[in-house]
Amino acid sequence: MASTPEFQHTVGKTASLSGTALHTGEKVSLKLHPAPVGYGIKFKRKDLQDEPTIDARIDNLKTVERATTIGEGSVRVHTVEHVLAALSAMDVDNAIVEMDANEPPIGDGSAQLYVDLIKRAGVTVQEEPRKFFDVREPMHVESKTGALLVLLPDEKFRISCTQAGPNNRFTQFLSMEVTPTAFEREIAPARTFVYYEDVQPLMEKNLIKGGSLENAIVVRGEAVLSKEPLRFADEFVRHKILDIIGDLALAGRRIRGHVVAVKPGHATNAELVRALAREQTRRSAIAVPRAMPTGDGGLDTDEVMKILPHRYPFLMVDRIIGFEGENKITGVKSITINEPFFQGHFPGHPVMPGVMQVEAMAQVASILLFKLTKTSSRVGYFMSADQVKFRKPVFPGDTIFIHAELTRARGNRLAKTKCHCVVNDAVVSEGELMFTFLDK
Ligand SMILES: [Zn+2]
């Protein structure tokens, strides 16, 4: 469950390689340079005036036909997915990819040349923590062509992929955790494959001048044509995973989640990254604390502390934002990384303990009961919790809205409340809490 805090990485020194561009057939040289923290991956067009750079981010995605093209203004870089996959999987967060053409070298159609390049440059740790995208609930995208991508919560970055060719020929499945070692051994050597019927029109139009059996496997009917034999019996699905890693790198954050992919392609990969970016924007917007009303109807922190005996670090409500009639109350608690429980729950992967959410519900409910009894001579004791469910994890930066409703009161002795906690408009936990009243 726990992991050590992860820091950003860049390359240790500049390293270079040269080769042939797939689409133009021209010779291209590529240099990988170190970059500072927070820089991300940027492509630099050394061959153009002013040497413009293009941020490898989903906002800059231009086309996804056969390969992934990014651009800014009129400047383009084609077929970025293999170099991005290698950088991402080999743990490089920040780097400049400098090229003297509009496309990186295709190599043998795999990411092997980029793994070798990164190893020559070395990978060094930097002083800032990495940015992650934690998958909190299932997300999915699909296309009319039968491609489907599902992203599920997971503590690691995993990909489970099913690849199927025309008429379900060459159907292959592979599931793995993406680590530098696994990538280098299992994924990087897997080469691009194409179907003869797809490339024949392109060859006729002279659109893949650099294409040959030296940098792609060509599938024609049942036949597999390539310069050297297949490197893995399931080389095709491995290359699909390679492309997913490269396209998902456009998210600009490390993903903690499990990608389940069926017949994926660049278009659906990009759709998933867009969905992820939208979710990230939504989270960032909601994480900004909302303006809290004071005075009428609400209780500020001082007033809350006059009612509740709890104090830091055990005061689990910042403010009461309102009462609804006699029976309902809403409180709010901003969760920051400074909460003491994050130190141990869990190092490198902070998640708010569920029992602390139950405590927050109990404290908010107590304030409601205090208001009802209108006396400070009796005090409500938290007696039992029923039907407690923890539905979604709560992370640092979240604001919890704690709702409690009185559902049953027996004289001045017993009270039952129904409570739930909400983050980003979604219920994260709920429970029925029972209280008894005793004289002080
Ligand atoms: Zn590819």
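One can find the structure itself at the top, above this paragraph.
What counts as what
- Along each chain, residues carry numbers from 1 onward, in the same order as the chain's sequence is written.
- Under the rules for a predicted model, residues below a pLDDT of 70 receive no local features and side-chain atom pairs below 80 are neither given nor counted, while totals for whole chains, interfaces and linings still include all residues.
- Where side-chain values are given, they derive from all heavy atoms of the structure, hydrogens and water being excluded.
- Coordinating donors are taken as N, O and S atoms within 2.8 Å of the metal, stretched to 3.2 Å for Na, K and Ca; because water is absent from the atoms, sites can appear incomplete.
- Tetrahedral means four donors with every angle between 85 and 135 degrees, whereas square planar (four donors) and octahedral (six donors) require angles over 155 degrees between opposite donors and between 65 and 115 for all others; sites fitting neither are termed irregular.
- Strands here are runs of E lasting at least two residues and helices are runs of H or I lasting at least four, both read from the DSSP assignment and numbered beginning at the N terminus.
- The classification of residues rests on relative accessible area computed with a 1.4 Å probe and restricted to protein chains. Under 20% of the type maximum is buried, over 50% is exposed, and intermediate values are partly exposed.
- Interaxial angles span 0 to 180 degrees and are taken between N-to-C directions of axes, which are lines fitted to C-alpha atoms, for helices over the stretch in contact.
- Here the angle decides the label: under 35 degrees means roughly parallel, over 145 means roughly antiparallel, 65 to 115 means roughly perpendicular, and every other value means oblique.
- Crossing handedness follows the turn of the near helix against the far one: under a right angle anticlockwise gives a left-handed crossing, and clockwise gives a right-handed one.
- In this description, contact between two residues means that some pair of their heavy atoms is separated by no more than 4.5 Å.
- Note on pairing: DSSP must find at least two bridges between two strands before they are called paired.
- Put simply, a nonpolar core is a bunch of buried Ala, Val, Leu, Ile, Met, Phe, Trp, Tyr and Cys residues held in one set by side-chain atoms that sit within 4.5 Å of each other.
- We count a salt bridge whenever a side-chain nitrogen from Lys or Arg sits within 4 Å of a carboxyl oxygen from Asp or Glu.

## A short note on the coordination of the zinc ion
Here comes step 1: Binding of the zinc ion to the protein goes through His82 (NE2), His239 (NE2), Asp243 (OD) and Asp243 (OD), at separations of 2.1 to 2.7 Å.
Here comes step 2: For the zinc ion, the four donor atoms are set out with angles of 53 to 151 degrees between them, so the coordination reads as irregular.
Here comes step 3: Mapped onto the sequence, the donors of the zinc ion take the spacing H-x156-H-x3-D. You can see His82 sitting in helix α1 (residues 81–89) and its partner Asp243 sitting in helix α5 (residues 235–248), a full 161 residues away along the chain.
Here comes step 4: Among the residues examined, His82 registers a relative accessible area of 5% and is labelled buried.
Here comes step 5: The class of Asp243 is buried, set by a relative accessible area of 11%.

## Side note on the packing of α1 against helix α2 (residues 112–121)
Here comes step 1: It is at 9 Å that the axes of α1 and α2 come closest, and there the two elements cross at 45 degrees. When the axis of α1 is compared with that of α2, the two are oblique. Seen from above, α1 lies across α2 with right-handed handedness. Listed contacts from α2 to His82, Val83, Ala86 and Leu87 of α1 are Tyr114, Val115 and Ile118.

## Details of the sheet that holds strand β9 (residues 95–99)
Here comes step 1: With mixed pairing, five strands are arranged side by side in an open sheet as β2-β3-β9-β4-β5. Unpaired on one side and paired on the other, β2 (15–20) and β5 (53–55) mark the two borders of the sheet. Here the average twist between neighbouring strands, direction ignored, is 20 degrees.
Here comes step 2: In the packing of α1 onto the sheet, contacts are made with β3 (27–34), β4 (41–45) and β9, and the angle to β4 comes to roughly 140 degrees.

## As for the nonpolar core
In globular proteins that are soluble, nonpolar side chains generally tend to be buried together.
Here comes step 1: Among the nonpolar cores identified, the biggest contains 65 residues, and Ile41, Phe43, Ile70, Val97, Ile159, Phe183 and Val259 are the most heavily contacted of them.
Here comes step 2: If sequence neighbours within four positions are ignored, Phe43 has contacts with Pro52, Thr53, Ile54, Ala56, Ile70, Val77, Val80, Val83, Leu84, Val97 and Met99.

## Description of α1
Here comes step 1: The buried fraction of α1 amounts to nine of the nine residues, a majority that puts the element mostly inside the structure.
Here comes step 2: In the segment just after α1, Asp91 is the residue with positive phi, at about 80 degrees.

## A closer look at the pattern of salt bridges
Here comes step 1: Enumeration over the complete set of coordinates arrives at 27 salt bridges.
Here comes step 2: A salt bridge links Lys44 to Glu51, with the shortest nitrogen-to-oxygen separation between them at 3.8 Å.
Here comes step 3: Residue class for Glu51 comes out partly exposed when judged on its relative accessible area of 29%.
Here comes step 4: Across the pair Asp134 and Arg256 runs a salt bridge, and its minimum N-O distance is 2.8 Å. Note that Asp134 is positioned in strand β11 (residues 132–134) and Arg256 in strand β19 (residues 254–262), a separation of 122 residues in sequence. An identical accessibility class is assigned to Asp134 and Arg256; each is buried.

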